[in-house]
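Structural characterization, general
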Amino acid sequence: MITETIELEPKEKAKQLIDTFKFADIYFVGGNETMLQNAKNCALLCVNELLDTVPYINNTPTQVRKRIYYMDVREEIRNL
């Protein structure tokens, strides 16, 4: 579930998510570029799942802020 407190800027959160998933690719051959792309894909999947948990109907200001935050994180992941 999405937490109430947002501690990191979207760019920092994007980098943190990508770094979290880099370890998962250590057994595959393909070099650093492939590892980075795979980590970015995993991070994007997670962010998309989080966005799916935020309801569209009866959005409260808190839900809107969360949705905007994770949309910004998704964009930062794409830009890295």
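Remember, it's a predicted structure, so these values are computed and weren't measured experimentally.

Looking at the nonpolar core
Ranked by size, the top nonpolar core spans 13 residues in total, and within it L17, I18, A43, V47, Y70, V73 and I77 carry the most contacts. Residue assignment for this core shows that the elements contributing at least two residues are α1 (10-22), α2 (31-53) and α3 (61-79). In terms of residue count, the dominant contributor to this core is α2 (5 residues). Setting aside chain neighbours within four positions, we find I18 in contact with L36, A39, K40, A43, I77 and L80.

Examining the packing of α1 against α3
In the contact formed by α1 and α3, the axes pass within 8 Å of each other and the chain directions differ by 60°. Looking at the two axes, α1 sits oblique to α3. Crossing geometry of α1 relative to α3 is assigned as right-handed. Facing P10, K11, K13, A14, L17 and I18 of α1, the residues of α3 in contact are Y69, D72, V73, E76 and I77. Looking at side-chain class alone, the contact of α1 with α3 contains 7 nonpolar, no polar and 4 charged residues.

Remarks on the pattern of salt bridges
Evaluation of the coordinates by the stated rule reveals 3 salt bridges. Note that K15 and D19 form a salt bridge whose closest N and O atoms lie 3.6 Å from each other. Here D19 and K15 lie together in helix α1, a separation of 4 residues that amounts to about one turn. Taken together, the shared-partner salt bridges connect K15, D19 and K22 into one network.

The rules we used
Residues numbered from 1 in each chain as written. Predicted model: local features only at pLDDT ≥ 70, side-chain atom pairs only at ≥ 80, totals over all residues. Heavy atoms only, no water. Core = buried A, V, L, I, M, F, W, Y, C linked by side-chain atoms within 4.5 Å. Buried < 20%, exposed > 50% of the residue type's maximum accessible area, 1.4 Å probe, protein only. Helix = DSSP H or I, 4+ residues; strand = E, 2+ residues; numbered from the N terminus. Contact = heavy atoms within 4.5 Å. Axes fitted to C-alpha atoms, helices over the stretch in contact; angles between N-to-C directions. Parallel < 35°, antiparallel > 145°, perpendicular 65-115°, else oblique. Left-handed = near helix turned anticlockwise from the far one by under 90°. Nonpolar A, V, L, I, M, F, W, Y, C, P; charged D, E, K, R; others polar. Salt bridge = Lys/Arg side-chain N within 4 Å of Asp/Glu carboxyl O.

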